[in-house]
Amino acid sequence: MVSVCFYFQVHQPFRLKNYSIFDIGNNTGYFDEKKNKEIMQKVAKKCYFPTNKIMLDLINKHDGKFKISYSLSGVAIEQFERYAPEVLDSFMDLNDTGCVEFLNETYYHSLSFLHSKEEFKEQIIMHKKKIRSLFNQRPTVFRNTELIFNNELANLIQRMGYKGILAEGADHILGWRSPNFLYTAKTAPKLKMLLKNYKLSDDVAFRFSNRGWKEWPLTVDKYTRWVNSINGNGNVLNLFMDYETFGEHQWEDTGIFDFLRHLPGEILKHPDNNFITPSEAVKTYNPVAELDIHCPVSWADIERDTSAWDGNKMQQSAIQKIYLIEGMVKRSGNNKLIENWRKLQTSDHFYYMCTKRFNDGDVHKYFNPYENPYDAFITFMNILNDVNLRLDSKHIIKKEVEL
Amino acid sequence: MRILMFGWEFPPFKTGGLGTACYDLTRGLSYKGVDVTFVMPKTPENAKSDFVKLIGANNLCKSIKVRKVSTILTPYMSSEAYSNELKKLKINHNSSSDVYGRNLYQEVLRYAEMAKIIAEEEEYDLIHAHDWMTYMAGINARKISGKPLVVHIHATEFDRTGGNPNPMISHLEYTGLHEADLIIANSNFTKNNVIRHYNINPDKIKVVHWGIDPENPYYNLNYSSPLNKNEKIVLFLGRITIQKGPDYFIEAAKKVLDFKKNVRFVIAGDGDMLPRIVERAAELGISDKVTFTGFLRGADVHRVFQMADLYVMPSTSEPFGLVALESMKNNTPLIISKQSGVSEVVNNALKVDFWDINEMTNKIVNVLSYEELHQELKKNSFEEVKKFDLVKPAEKCIEVYNEALRGVHKW
């Protein structure tokens, strides 16, 4: 039996304005509304609309046998509401089929787990409320930002009442083991772990259009053969990827939509295959072993660690400084300020400061609105200085009223 | 392969990047086994020192032969500068000045005439001429020998003058560029300027970005500042001319000082705009924060880089900007103008539009304020500059030579 478990991450950050030292203290706002709107509407057109449509057709066509799951970051949802409300409608249509599961994450797609447990929990609760109000779902499975995971997280998430959690099936945590089974963490015996099969996931997400890849072109037949070969030595095939894979990272002309349209039917041809959501997987299968993971593992880069967000001194300093003011921000009672501060926690802001392989012009560059990591740092620090200025109580009384 | 090259003076007698570029290119070519006969002006200043010996001493340069032609031409020379030079000669050496041309144009033509003699005497396969003053010499050599001519453009007259070209110079530039079989431009930035101003077929222009000598004992001087240790140092280094944007630097200095007090701005170089910049600093009330070093050469260039916390190159139009690589080699983080060739090939530098004084200020203040930013820039730019050397540009030039030798181009 192979149960295919699809999970798609849907996320868009609130990108920052070109914010210079001359803007500090001038109430000019931090976020680039124009750019955020443009990008949201572009991605909606290229990815969210067409892919949601295909998913809905597939679910209808296969009569409830095709199932998928999503995690929508709170900041992505807010941008749907603001710039592309029809996308949210199409997610609601998908929700109505009963074949779609929504997971929980931190509302702000933040790295708060690594820096403030209190903030981390608050953001999960915010997200939980948002998902309940939109889709009337109460997720039992959690996924942390960028699949960052370790023992400590597992324990915390178990105590928050979740039954399952997603993580990267990285070689260095699995060793000889297969990602196609459920596991538990040493610190959380009741929390089942679903591990990403990074090979088969990345074949679609990263390599699909790579003409230098020996398996190019990736056909539905070939991919289904790989899936079927798991029969007999695995329970669940976890295919985890960014939703923007469809139409945005892999453009329509690569044939990605056709691939998606035909894949589920082909997989279902094998009598032993089915599709499953994360919560169903947790109910259906038992863990086969316990993993002991101390250092945080993630789904990013070949390192599969957190160095894409905190690998250099600029990133470390920026993250440290944003969490340093947590107490002051929260005590200010200024909701606008708290919200601004939280949006600044979105992991993308730190990812943009990454200098790893900057010279090679790799994936980091493609997703980066800045010319270089240094500009990302400068912009972020200028804004943080403005936040600090607003924290000055005298300033708050005078200026915040105008905001 | 034997090249007859019309170039410019070698270090230490140089007034800018062109001398270094010629020196580095000939060394790179020599390393690749190309024979170069290097024709250079013999000025009264450099006449006494033995350049052949200087080059011969370096075993990289076995295949280089130097021929000198008496002239008082120097690169970047303006008509006024030429007349001044001529006047000085008349005063100092009364009779000897008669041999030189009455004005800059005459002198360039006289130089080109003398080039004919050399062109007849030497054996070579191809002619390579550097910048407009030698283009006529290159054209003459081609007439005599029938060998292909490659002209190298390091800067157009439009770059040098902030868009107000001297018609005589741009005409010579135009003539050389049109006559040449192929053109080497030191960046896409320069290539585009050549296309725009001189209507040249883009296929005729080959881009060869400059490299830098990976080994130089001066890089590791570990020189630290004798100036006030509590002050951060921001450096401008280059000719103080309209092309290099010293006026933008001084305006940004004023704005930076509004945010941060303990900053010193060091302006290293000489040029016709120097008096104006000194006056402007006084007008802005920041004279006590600005230090003028005059023209620096040799080890002093490296010392001043190593003293500085940040180098700013605000050039209004910088065909390449070799000095940016020197800053990186000396472990000094940098801000470079987007209107430069070097910004095409360097990633780990901050980049600004030269006219955007506020953005320049924003970046200077941040680099000086955050040690983590300073450190990352420093570390990564030092790492990045390792990919530059003298061999790669020489190899690309050889490719261009081969193309010129292969066929008749009809442009």
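Conventions used here
Per-chain numbering applies: the sequence of each chain, read as written, is numbered from 1 onward. To read the labels, note that chains go from A and ligands from 1, taken in the order they are written. With the structure being a predicted model, the display of local features is reserved for residues of pLDDT at least 70 and the display and counting of side-chain atom pairs for 80 or more, all residues being used for whole-chain, interface and lining totals. Just so you know, side-chain values use all the structure's heavy atoms and leave hydrogens and water out. The numbering of helices and of strands both runs from the N terminus, where a helix is a DSSP run of H or I of at least 4 residues and a strand a run of E of at least 2. Whether a residue is buried, partly exposed or exposed follows from its accessible area with a 1.4 Å probe, protein chains only, as a fraction of its type maximum: under 20%, in between, or over 50%, in that order. The criterion used for residue contact is that any of the two residues' heavy atoms lie within 4.5 Å. When two components associate, each loses some accessible surface as probed by a 1.4 Å sphere; the sum of these losses over both components is called the buried area. Between Lys or Arg on one side and Asp or Glu on the other, a salt bridge is scored when a side-chain nitrogen of the former is within 4 Å of a carboxyl oxygen of the latter. Each polar contact in these results corresponds to two N or O atoms within 3.5 Å; when the atoms are within protein, one needs to be able to donate a hydrogen and the other to accept it, and residues that are neighboring in sequence are counted only if both atoms are side-chain atoms. Where each domain starts and ends follows an automatic or database-derived domain assignment. Amino acid classes used here: Ala, Val, Leu, Ile, Met, Phe, Trp, Tyr, Cys and Pro are nonpolar; Asp, Glu, Lys and Arg are charged; the rest, including Gly, are polar. Pairing of aromatic rings covers Phe, Tyr and the six-membered ring of Trp, with a centre-to-centre limit of 6.5 Å; geometry is then stacked below 30 degrees between planes, edge-to-face above 60, and tilted otherwise. Whether a charge sits over a ring depends on NZ of Lys or CZ of Arg being within 6 Å of the ring centre and within 35 degrees of the ring normal.

Caption draft 1: Region of the structure containing the environment of A:V100. All names here are of chain A. With respect to the element layout, V100 can be found in strand 3 (residues 100-102). Among the residues examined, V100 registers a relative accessible area of 5% and is labelled buried. Sequence spacing of V100 and E215 is 115 residues, and the spatial spacing of their C-alpha atoms is 31 Å. With near-sequence residues (within four places) excluded, V100 lies in contact with I59, I68, Y70, L94, N95 and Q137.

Caption draft 2: Representation of the interface of chain A and chain B. Chain A puts 22 residues into the contact, and the matching count from chain B is 23 residues. Across the chain A to chain B interface the summed buried area is about 1900 Å²; carbon plus sulfur atoms make up 59%. In this assembly, chain A and chain B are joined by 3 salt bridges. In this structure, A:K321 and B:E372 form a salt bridge, with 3.3 Å as the shortest nitrogen-oxygen distance. On the surface where chain A and chain B come into contact, there are 11 residue pairs in polar contact (both at pLDDT 80 or more). When contributions to the side of chain A that touches chain B are tallied by element, the ones reaching two or more residues are helix 13 (313-324) and helix 18 (373-391) of chain A. A total of 7 residues in the side of chain A that touches chain B trace back to one element, the largest contributor, which is helix 18 of chain A.

Caption draft 3: Examining the pattern of salt bridges more closely. Residues and elements named next belong to chain A. The full count for this structure, using the stated rule, is 57 salt bridges over all chains. The partner of E38 in a salt bridge is K34, and the shortest N-O contact between them spans 3.4 Å. Placement of both E38 and K34 in helix 1 (residues 33-61) is noted, with a separation of 4 residues, approximately one turn of the helix. The salt bridge involving E119 is made with K330; its shortest N-O contact spans 2.6 Å. Of this pair, E119 sits in helix 5 (residues 117-135) while K330 sits in helix 14 (residues 326-331), and the two are 211 residues apart along the sequence. Residue classification places E119 among the buried positions, given a relative accessible area of 0%. Put simply, E119, E122, E326, K330 and R342 are held in one network by salt bridges that share partners.

Caption draft 4: Quick peek at the domain arrangement of chain A. All names here are of chain A. Per the domain assignment, the segments of chain A are domain 1 (2-291) and domain 2 (309-402). Domain 1 puts 38 residues into the contact, and the matching count from domain 2 is 33 residues. There are 5 salt bridges connecting domain 1 and domain 2. In this structure, E122 engages K330 in a salt bridge whose closest nitrogen and oxygen atoms are separated by 3.3 Å. Where domain 1 packs against domain 2, one counts 17 residue pairs in polar contact (both at pLDDT 80 or more). If you list the elements that add at least two residues to the side of domain 1 that touches domain 2, you get helix 2 (74-83), helix 4 (112-115) and helix 5. Here the element with the most residues in the side of domain 1 that touches domain 2 is helix 5; it accounts for 5 residues. Its residues placed into classes, the side of domain 1 that touches domain 2 shows 14 nonpolar, 13 polar and 11 charged.

Caption draft 5: Local environment of the packing of aromatic side chains. Residues and elements named next belong to chain A. Under the defined criterion, the tally for this structure stands at 42 aromatic pairs over all chains. Aromatic pair F8 and F246: ring centres 5.7 Å apart, planes at 80 degrees, arrangement edge-to-face. With F8 in strand 1 (residues 2-10) and F246 in the loop between strand 8 (236-242) and helix 10 (256-269), this residue pair connects regions lying 238 residues apart in the sequence. Taken together through their ring pairs, the aromatic side chains of F6, F8, Y48, F66, Y70, F80, F91, F102, F135, Y243, F246 and F275 make up a single cluster. One residue, K199, lies across the ring of W226, its end atom 4.5 Å from the ring centre. A cation over a ring is seen here: K343 above F31, with NZ or CZ 5.3 Å from the ring centre.

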